[in-house]
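Single-letter residue listing:
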Amino acid sequence: MPFHKTRVSRKRAIACVFTINLLALLGCPDPGDIIQDQQPLFVYLTWQGDTSTTMMVNFQTKDSFSLPFVQYRHIPDNGDPPEDFTRIDDGLGLQLNQHEDKRWVHSVEITGLQAGQRYEFRAGLDTGLPSRDYLFRTISDEPDAAIRFINGGDMDLEDTGTDIDDDHTKQLMSQAIKDDPHFALLGGDLVYEGGSEELEEKWDNWFLTWQEIMVTSEDCLVPMVLAVGDHEMDSDDPYDDGPEGVEFFLDFFTQRRVNQKLTYFTQTFGPNLVVYVLDSGNAYSHAEQVQWLQEEMTNHADFPNQFAAYHHPLYPSAKDFDNEWAELGRELWGPVFDEFGLDTAFEHDAHTLKQTFRMRGEIVDPTGTLYLGDGAFGRKTREPDEHEYLEFAEEVKHYWSVSVNELGATYTGVDRKGRVIHQYP
Ligand SMILES: [Fe+2]
């Protein structure tokens, strides 16, 4: 069942501010509770626009009687910040009626930012308490700047809170944040099971953990770029529900306002990196994305680093080579990757650490695409199978640490103790 959503209109917002004031005068219900329920539970960052000049601030509240806002100010690396915050009011609030507590997800996009700069911000609702202050840094647009990001998927948070003693996902996050990543490229299956009745508690735990742990050494939250996995779907059957079956994921993480039901899109990071985020047969079929991918790779051919990220591998390490998703990917996407020279594909779902040889047309070819994976950010691992395309594969929970510049990229697989398990090249 998809979530049913309600949006706050300006008329309703004005009416509700008036109502709260009236309730306060009448003394019931407690206006303090109303205000408390409108305080942000979790604050987290995504992008729909330019990663150097925009930031999407997302936050959740238990209730909402007004439109969301964000206040922000530039924190220069040298010199004093301005005293005044700039305020943005034209955000979007959605109520998730299927969620047990009927909570709201709000998103406010900040635009007109400077590249590679740090900003302080707070978010909230007019009729509630604002969040505490947070920081973020926009992506540099300098041609010689290095971009760092972490990649992973298939997480498995067991405990509430942020005690990392027994939880491998928390341990991996705690290692990954030491890289001071500029963003996180997440490949799906963040919470198991996406559609179960334990959904609320598990997602709350995930958001809380991300917000608490994924803060860089300069106090910046790490923006997320997310591909969808099969466990974000309400149904296990691919294509059965289409985008309706992944609505809560799309509402939680605002990555597109126009065409907001799309789970595939292109994102660039400065002049040297483009990432094609694809949906490997969850809400959309492989076939539906082929023409779009051809056009996007044509339009972004000048970027020296061409990456893709998606959930189901074309070259699985621990699942049947001929499984439906892998076959469709190799048949429909493989030729596009080959034609346009995709450098690296980040794959997930099989729960191992793997690096293929460079592959072109299903044959080992040094001019082909590197396939890295396979999504073991805490989830129970599998033993890799023997495949001629695997240059390295090990049963180990890990994340990938990636550094990109105009000359290329380096990739390091790190385990939950911070040990380097594998490097490429
Ligand atoms: Fe999966």
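Residues numbered from 1 in each chain as written. Predicted model: local features only at pLDDT ≥ 70, side-chain atom pairs only at ≥ 80, totals over all residues.

Chemist: Provide a residue-level description of the packing of helix α6 (residues 290-299) against helix α7 (residues 324-340), including the pertinent values.
Modeler: Packing of α6 against α7 brings their axes to within 10 Å, and their N-to-C directions diverge by 10 degrees. One finds that α6 runs roughly parallel with respect to α7. Where α6 abuts α7, its residues Val290, Leu293, Gln294 and Met297 lie against Leu332, Trp333, Val336 and Phe340. Of the residues that constitute the contact of α6 with α7, the class distribution is seven nonpolar, one polar and no charged. (Axes fitted to C-alpha atoms, helices over the stretch in contact; angles between N-to-C directions. Helix = DSSP H or I, 4+ residues; strand = E, 2+ residues; numbered from the N terminus. Parallel < 35°, antiparallel > 145°, perpendicular 65-115°, else oblique. Contact = placed C-beta atoms within 7 Å. Nonpolar A, V, L, I, M, F, W, Y, C, P; charged D, E, K, R; others polar.)

Chemist: Describe α7, with residues and values.
Modeler: Look at α7: 24 Å from first C-alpha to last across 17 residues, which is about the 24 Å you get at 1.5 Å a residue. Its maximal kink placed at tryptophan 333, α7 deviates by approximately 45 degrees, while the proline proline 335 follows within four residues. Taken residue by residue, α7 has Trp325, Ala326, Gly329, Arg330, Trp333, Gly334 and Phe337 as its buried positions. Contact partners of the buried residues in α7: α6 and β16 (344-346). In the stretch just after α7, glycine 341 is the one whose phi turns positive, near 75 degrees. (Expected span 1.5 Å × (residues − 1). Bend = angle between axes of the 7 residues up to and from the residue. Buried ≥ 20, exposed ≤ 12 C-beta atoms within 10 Å, placed from the backbone.)

Chemist: Tell me about the sheet that holds strand β10 (residues 147-152), and name the residues and values.
Modeler: Reading across from one edge, β12-β11-β10-β22-β23-β24 is the order of the six strands in this open sheet, with mixed pairing throughout. Unpaired on one side and paired on the other, β12 (224-226) and β24 (420-424) mark the two borders of the sheet. Sheet twist, expressed as the mean angle between neighbouring strand axes with direction ignored, is 20 degrees. Looking at chain direction, strand β22 (residues 399-405) and strand β23 (residues 408-414) are connected through seven bridges and run antiparallel. Across the sheet, tyrosine 399 pairs through a bridge with valine 414, a residue of β23. (Pairing = 2+ DSSP bridges.)

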